[in-house]
Amino acid sequence: TPSPSPAISDEEQGYDLDLFCIPKHYAADLEKVYIPHGLILDRTERLAREIMKEMGGHHIVALCVLKGGYKFFADLLDYIKALNRNSDRSIPMTVDFIRLKSYCNDQSTGEIKVIGGDDLSTLTGKVRIDIIDTGKTMKTLLELLKQYNPKMVKVASLLVKRTPRSVGYRPDFVGFEVPDKFVVGYALDYNEYFRDLNHICVISETGKEKYKA
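Residues numbered from 1 in each chain as written. Predicted model: local features only at pLDDT ≥ 70, side-chain atom pairs only at ≥ 80, totals over all residues. Heavy atoms only, no water.

- Within an unreviewed UniProt entry, the label attached to the protein chain reads Hypoxanthine phosphoribosyltransferase, and the organism entered is Amphiprion ocellaris.
- For the protein chain, the Pathway (unreviewed entry) comment in UniProt is given as "Purine metabolism; IMP biosynthesis via salvage pathway; IMP from hypoxanthine: step 1/1." (UniProt positions renumbered as here; feature names shortened; annotations may be inferred.)

Now the structure itself:
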């Protein structure tokens, strides 16, 4: 059963940009700060505890989905490593990467392209935690991973959107459940821009037009 997660309501408007440190080159391209960086880190630390509790003594291969998952992946693994160092229980862990692309501008193309990553056959028989940004491509990725006969697959996603386009898939570990808004920052991009933004923010129409492919 997936663990519970904080749900951000549809009425949530976010925070004014001038309350936070925002790169000047993005000041006109964002509407609001939606999830501040500190809140992301605190929630990620909690997810690390839940993962440690559930995974027992399994050998984990942590598989990062690039590019949108890299910040969440790195921070989550840092918290897991800290727990490994400072608690009586520790989990052996190795790391691998895969790169997927499914968006052009703010719309999913419906086609999942594997455009990078190592030979996944090396992961056969291991327990995996897959890190994704919104979960939209997960069903396709899980079908791909089944070919390598994993003992277990657990999915951690920083964000899951409430959207009528959802296929109904729910990851095992979720950072935040959010409304159907196109958000950027914390490695989530709009045509490769905004990955260098610490907070998760709602992009403005000006920003969409400026960085349109």
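1. Describing the sheet that holds strand E9 (residues 200-203)
Part 1: On the basis of which strands lie adjacent, the open sheet formed by three strands has the order E1-E9-E8 and antiparallel pairing. The open sheet terminates on both sides in strands that have one partner only, identified here as strand E1 (30-35) and strand E8 (183-184).
Part 2: Where E1 meets E9, four bridges bridge the pair, whose relative direction is antiparallel. Among the inter-strand pairings, Leu30 is bridged to a residue of E9, identified as Ile203. (Pairing = 2+ DSSP bridges. Helix = DSSP H or I, 4+ residues; strand = E, 2+ residues; numbered from the N terminus.)

2. Section: the nonpolar core
Part 1: Ranked by internal contacts, the top residues of the largest apolar core, which has 29 residues, are Ile35, Leu76, Leu158, Leu159 and Ile200.
Part 2: For this core, the leading source of residues is helix H1 (residues 37-55), giving six residues. (Core = buried A, V, L, I, M, F, W, Y, C linked by side-chain atoms within 4.5 Å. Buried < 20%, exposed > 50% of the residue type's maximum accessible area, 1.4 Å probe, protein only.)

3. Topic: the packing of H1 against helix H2 (residues 70-86)
Part 1: Where H1 contacts H2, the axes come no closer than 9 Å and their chain directions differ by 55°. Here H1 is positioned oblique relative to H2, judged by the angle of their axes. Classified by chirality, the crossing of H2 by H1 is right-handed. Judged by residue contacts, Leu41, Thr44, Glu45, Leu47, Ala48, Arg49, Ile51 and Met52 of H1 engage Phe72, Asp75, Leu76, Tyr79, Ile80, Leu83 and Asn84 from H2.
Part 2: Partitioned by chemical class, the residues of the contact of H1 with H2 number ten nonpolar, two polar and three charged. (Axes fitted to C-alpha atoms, helices over the stretch in contact; angles between N-to-C directions. Parallel < 35°, antiparallel > 145°, perpendicular 65-115°, else oblique. Left-handed = near helix turned anticlockwise from the far one by under 90°. Contact = heavy atoms within 4.5 Å. Nonpolar A, V, L, I, M, F, W, Y, C, P; charged D, E, K, R; others polar.)

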